[in-house]
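Understanding the architecture of this molecule
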Amino acid sequence: TGVVVALSIPLVLAMTFLAMYFFNIDLQRISLGSLIIALGLLVDDAIIAVEMMALKLEQGWSKFQAATFAYTSTAFPMLTGTLITAATFLPVGLAKSMAGEYVFSLFAVVGIALVLSWIVAVVFTPYLGYVLLPAKPHHGGEHDVYQKPFYQRFRRTVEWCLDHRKTVIAATLAAFVVSLLAFKLFVAQQFFPSSNRPELMVDMWLPRGASYHATLEQVQKLEKLAKADPNVLSVTSYVGSGSPRFYLPLDQQQQHINYAQLMVMTRD
């Protein structure tokens with residue numbers, strides 16, 4: 001079953017790349033991160049389908065019956081679960097802001113990958129299971145695979161939880177409250193990760209009404225100070241305006257004679 005699930009991953013990714021090409025979604029940092037996020041989600045449907053098929057094979061069903069049962073019994077529940085998972089990224093896709101524009105491909109790529117993973121799970125996974133999974137010999141009809149020791153212990157655990165449901169619900173709520181407190185105390189909240197770019201962007205503002213020559217004079221002084229630092233490789237200055245946008249989050253400034261921007265290139 002693990003081989004069947006593993007084979008579905010490159011198939012879904014190949015279909016996702018084709019859909020990204022069709023919808024003009026580039027492969028950049030956000031879309032690549034979206035594929036990493038989707039990688040842990042796109043195997044869920046395939047796991048459900050192949051495990052259902054393996055269960056029916058253990059019960060003595062034929063490979064064809066087991067493959068078709070995995071489709072007819074789990075296809076619609078898997079679709080609803082897949083759409084709900086994709087909908088959790090909907091606020092990112094509908095955000096009307098600069099951040100929303102920047103991370104829109106997160107919603108698009110995850111949604112595309114999840115929907116395609118459902119298609120693979122209901123079309124290709126049963127076929128792969130039919131080809132790769134071994135058929136179990138028949139022993140005069142079906143047998144109950146849930147009489148194994150593991151399932152018996154698991155059933156006793158579930159029955160205890162149902163008999164003591166108030167205790168279980170209270171413990172679940174307590175764990176939820178503790179997780180919220182721990183999240184606030186120990187998890188750093190940050191929308192964008194810290195930049196790993198080696199440039200330092202320095203904005204210099206002189207008092208309003210300062211001349212261009214006064215701004216240039218101060219920039220030259222700051223350049224000498226920066227170049228004296230052994231960790232600085234080079235300094236590029238823009239007097240009267242800001243740097244051209246060479247990466248997306250750069251906040252460009254309009255032309256002001258009392259403004260200068262220095263791009264300090266560091267060693268790391």
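Attention here is on the structure that accompanies the text. Residue positions within a chain follow its written sequence, with the count starting from 1. Since the coordinates come from a predicted model, pLDDT governs what is reported: local features require at least 70, and pairs of side-chain atoms require 80 or more to be given and counted, while whole-chain, interface and lining totals use all residues. Remark: hydrogens and water are excluded; side-chain values derive from all non-hydrogen atoms of the structure.

Criterion for a salt bridge: a side-chain nitrogen of Lys or Arg within 4 Å of a carboxyl oxygen of Asp or Glu. Considering all chains together, one arrives at 2 salt bridges under this definition. The partner of Glu58 in a salt bridge is Lys148, and the shortest N-O contact between them spans 3.5 Å. With a gap of 90 residues between them, Glu58 in helix H3 (residues 44-58) and Lys148 in the loop between helix H7 (104-132) and helix H8 (149-163) connect regions that are remote in the sequence. Classification of Glu58 by relative accessible area gives partly exposed; the value is 28%. Residue classification places Lys148 among the partly exposed residues on the basis of a relative accessible area of 43%. The salt bridge partner of Glu199 is Arg197, with a shortest N-O separation of 3.0 Å. Numbered from the N terminus, helices here are DSSP runs of H or I no shorter than four residues, and strands are runs of E no shorter than two. Note on classification: 1.4 Å probe, protein chains only; a residue is buried when its accessible area is under 20% of the maximum for its type, exposed when over 50%, partly exposed between these limits.

Let us now look at the nonpolar core. To qualify as a nonpolar core, a set must consist of buried Ala, Val, Leu, Ile, Met, Phe, Trp, Tyr and Cys residues joined through side-chain atoms within 4.5 Å. Residues Val4, Leu42, Val50, Met53, Leu57 and Leu133 are the most contacted members of the largest nonpolar core, which totals 16 residues. Sorting the residues of this core by element identifies helix H1 (2-22), H3, helix H4 (63-87) and H7 as the ones contributing at least two each. Contacts are assigned to residue pairs with any non-hydrogen atoms lying within 4.5 Å of each other. Leave out the neighbours within four places in its chain, and Leu57 touches Ser62, Lys63, Ala66, Leu133, Pro134 and Lys136. Counting residues in hydrophobic clusters, the runner-up holds 11 residues, among them Met204, Leu206, Val235 and Val264.

Direction vectors running N to C along H3 and H7 enclose 25°, while the axes themselves pass 8 Å from each other. What the angle tells us is that H3 and H7 run roughly parallel. Every pair of crossing elements has a handedness; the one defined by H3 and H7 is right-handed. In this structure, H3 contributes Asp45, Ala46, Ala49, Val50 and Met53 to the contact, and H7 contributes Leu114, Ser117, Trp118, Ala121, Thr125, Pro126, Gly129 and Tyr130. Lines fitted to C-alpha atoms define the axes here, with helix axes fitted over just the stretch in contact, and angles between the N-to-C directions of these axes take values from 0 to 180 degrees. For classification purposes, angles smaller than 35 degrees are called roughly parallel, those larger than 145 roughly antiparallel, those between 65 and 115 roughly perpendicular, and all remaining angles oblique. Left-handed describes a crossing whose near helix is turned anticlockwise from the far helix by less than a right angle; the clockwise case is right-handed.

On to the side chain of Thr266. Counting through the fold element by element, Thr266 comes out in strand E3 (residues 259-266). When its relative accessible area of 14% is taken as the criterion, Thr266 is described as buried. Here the side chain of Thr266 touches Pro198 through a polar contact of 2.5 Å, landing on its backbone oxygen. For the purposes of these results, a polar contact is taken to be a pair of N or O atoms within 3.5 Å, where, inside protein, one atom must be able to donate a hydrogen and its partner to accept one; residues adjacent in sequence count only when each atom of the pair is a side-chain atom. A polar side-chain atom of Thr266 sits 2.8 Å from the main-chain carbonyl oxygen of Asp268. For Thr266, the contacting residues outside a window of four places in its chain are Pro198, Leu200, Asn231, Val232 and Leu233.

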